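Residue strings, one per chain:
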Amino acid sequence: MKERKTYIPVGIILFLYLVIILQNDNLSGVSLLNLLTFGGIVLISAIGVFEDRYPYSLKKFFWIFNLVFLGYIPTMQYLNNRYPWIGEKLSDDLVLKVNILLIVCLLLFRFFYAYFSGKLITQSRSQNVSSDLSIPRYYWIGGTIFFAFCALIVLRSGGIVFLRSDVISASVDNVNSNSSENLLVDKVARSWVLIYAIITIQLYKSRRISLFWMLTILLATVLTNFPLALPRYLAATFYIGLALTYRRWFNSPNLFPIIIIASLFYVFPILTEARHDYFSMEYVAGNFSEISAKAYSSGDFDAYTMFCKTVEYTDLRGIVYGEQLSGVLLFFVPRNVWPDKPVGSGYFIGQKNGFYFLNVSCPYLAEGYLNFGIPGALIIVLLFAFIFARFDRFYWVNVSRGSEMNFWILIYPSLLGMFFFMMRGDLLSSYAYTFGMLVTAYLAYMLVKKKVKKRKFRVGQNENFHPVHNNQELFKLSSN
């Protein structure tokens, strides 16, 4: 039955993939070998998405990213010879090399993830977990700060806004705008609002606060962080985090990935249009086909193009021996202190290629390749496999045991969006944003987590522990 649940969605994805290829009029002008390697990327990624027993996980999001951004959409771009940022066609030799490297890295990720997951199973059998069941002592102080930050967001945005274009216009018109204040709003204030809303949902689920209070907090969160008014990675971080905190389990492990994949194909282009002044739902309804076609060859889906251009540049000019990674790890050092501090890798490659627009992506494998060549790409895969296996295992084992007030369990659903952003890149901006969000969220958590009483228990030896049932039994059994 498990194999059948995997094969059906994978078969549907491959069928739709073949339909897209066969309906294209340019088949005679493309390499069959390259199409086969694109198909291999799609196949491996689709199997990875739908064989995962968890309803959602970092591993599942990893495969979704590769399926859409490095498989499906690049095939369309290759067939139509329409790539973001560049006017010329990517050579067939370059495409073949990149695709083979991708396939090797994806297979290695499968191996390393399985290996690290097995190691973690043997290490976590006697793990203790803690559960704090009473309302946090300083939760209400955190609420005061929550509303103060909501007010700050409204003031800095020029009011409650519902479209990204309004935010951009307000920032341009506001003569008092500066980067420090924007950093305070975008990273500190919004991170505090997010973690407080997540804690509030969890306390409501534990029947520690009223429905009215939770709805009040969620209303304030939505009004100050409306999805069409946020950068798309931040909108995903917010609303995936809130939704999965409220409901952590799904009867079908395939439901959530299908929603995410459909959103990337249909909602993502709409969010792009929301940046423009002419945006309206009437415009979207009347021009959706045109909007989608334009989006699939736009900078929103430039990950594959930037991977190819990174490989091309590195093969021609040589690797940078970790110089770009030094900028990532030391992102907090001001540029006036470090004048030669590296720019983001996307900016770097775009500048070297003479792009007119430099706010471009640089996917995870391209970061590794630029710094250390093929070994660098393999190191990135190894690192992601270890981190994802550790987080996924920790989250699902403890959720299945009934412990949900740990910081990493609370923030894990939001990390799905941030790591997706990190996989698209570039690493400098995504790592800095993720680090800033985690630090602020942890400080907020440390304030509000103080309890009137604190109780620790070993799994299975406490009256407040309730064993899981039905589909969740899988996760309980996986910890044995």
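The coordinates are above.
Below is a summary of the structure that appears in this document.

Cut-offs used in this document
Residues numbered from 1 in each chain as written. Predicted model: local features only at pLDDT ≥ 70, side-chain atom pairs only at ≥ 80, totals over all residues. Heavy atoms only, no water. Helix = DSSP H or I, 4+ residues; strand = E, 2+ residues; numbered from the N terminus. Buried < 20%, exposed > 50% of the residue type's maximum accessible area, 1.4 Å probe, protein only. Contact = heavy atoms within 4.5 Å. Areas by Shrake-Rupley, 256 points an atom, 1.4 Å probe, with all protein chains shown as cover. Patch = residues over 30% accessible without salt bridge, like charges linked within 9 Å, V, L, I, M, F, W, Y side chains within 5 Å. Salt bridge = Lys/Arg side-chain N within 4 Å of Asp/Glu carboxyl O. Expected span 1.5 Å × (residues − 1). Phe/Tyr/Trp six-rings, centres within 6.5 Å; stacked < 30°, edge-to-face > 60°. Axes fitted to C-alpha atoms, helices over the stretch in contact; angles between N-to-C directions. Parallel < 35°, antiparallel > 145°, perpendicular 65-115°, else oblique. Left-handed = near helix turned anticlockwise from the far one by under 90°.

Description of the overall build of the protein chain
Point 1. Helix and strand content of the protein chain: 18 helices and two strands.
Point 2. Taking all 480 residues of the protein chain together, the buried fraction comes to 53%.
Point 3. Taking as baseline every contact in the protein chain between residues at least 6 positions apart, the subset at least 24 positions apart corresponds to 79%.
Point 4. Counting only carbon and sulfur atoms, one obtains 63% of the accessible surface of the protein chain, whose full area is about 22000 Å².

A look at a nonpolar patch on the surface
Point 1. Taken together, the side chains of Ile8, Ile12, Phe15 and Leu16 define a hydrophobic patch exposed on the protein surface, amounting to about 400 Å² of accessible area.
Point 2. Mapped onto the fold, Ile8 is located in helix H1 (residues 2–22).

Here we look at helix H9 (residues 232–246)
Think of an α-helix as turning once every 3.6 residues; residues three or four places apart then point the same way.
Point 1. Given a rise of 1.5 Å per residue, 15 residues ought to cover 21 Å, and the 21 Å separating the end C-alpha atoms of H9 matches this to within 8%.
Point 2. Most of H9 is tucked away, with 11 of its 15 residues classed as buried.
Point 3. When H9 is considered as a whole, its buried residues turn out to be Arg232, Tyr233, Leu234, Ala235, Thr237, Phe238, Ile240, Gly241, Leu242, Leu244 and Thr245.

A word on the packing of aromatic side chains
Two aromatic rings, taken as a pair, are described by how far apart their centres are and by the angle between their planes.
Point 1. Summed over all chains, the structure comprises 57 aromatic pairs.
Point 2. Between Phe62 and Phe109, the aromatic rings sit 3.8 Å apart at their centres with planes inclined by 20°, giving stacked as the arrangement. With Phe62 in helix H3 (residues 58–80) and Phe109 in helix H4 (residues 92–123), the pair connects residues that are 47 residues apart, well separated along the chain. Phe109 shares its class with Phe62; the two are buried.

Some details on the environment of Gly322
Point 1. Along the polypeptide, Gly322 turns up in the loop between helix H12 (303–317) and helix H13 (323–329).
Point 2. Through-space distance from the C-alpha of Gly322 to that of Leu370 is 8.3 Å; in sequence the pair is 48 residues apart.
Point 3. Apart from residues lying up to four places away in sequence, Gly322 is in contact with Asn371 and Phe372.

Quick notes on the packing of helix H5 (residues 139–157) against helix H8 (residues 211–224)
Point 1. Look at H5 against H8: their axes get within 10 Å of each other, and the N-to-C directions meet at 25°. Between H5 and H8, the crossing angle belongs to the class labelled roughly parallel. In this structure, H5 crosses over H8, and the sense of that crossing is left-handed. Each of Tyr139, Trp140, Phe146, Phe147, Cys150, Ile153 and Val154 in H5 lies in contact with H8, whose residues at this interface are Trp213, Thr216, Ile217, Ala220, Thr221 and Thr224.

Some remarks on unusual backbone geometry
Point 1. Cis rather than trans, the peptide bond between Gly425 and Asp426 has omega equal to 5°.
Point 2. If you trace the backbone, Asp426 turns up in the loop between helix H16 (407–424) and helix H17 (427–448).
Point 3. One non-glycine residue, Trp85, lies in positive phi territory at about 75°.
Point 4. Relative to the helices and strands, Trp85 resides in the loop between H3 and H4.
Point 5. The partly exposed category is assigned to Trp85, whose relative accessible area is 22%.
Point 6. You will see that Tyr321, though not glycine, has its phi angle at about 55°, which is positive.
Point 7. When you line up the elements, Tyr321 lands in the loop between H12 and H13.
Point 8. Exposure remark for Tyr321: the relative accessible area of 66% places this residue in the exposed category.

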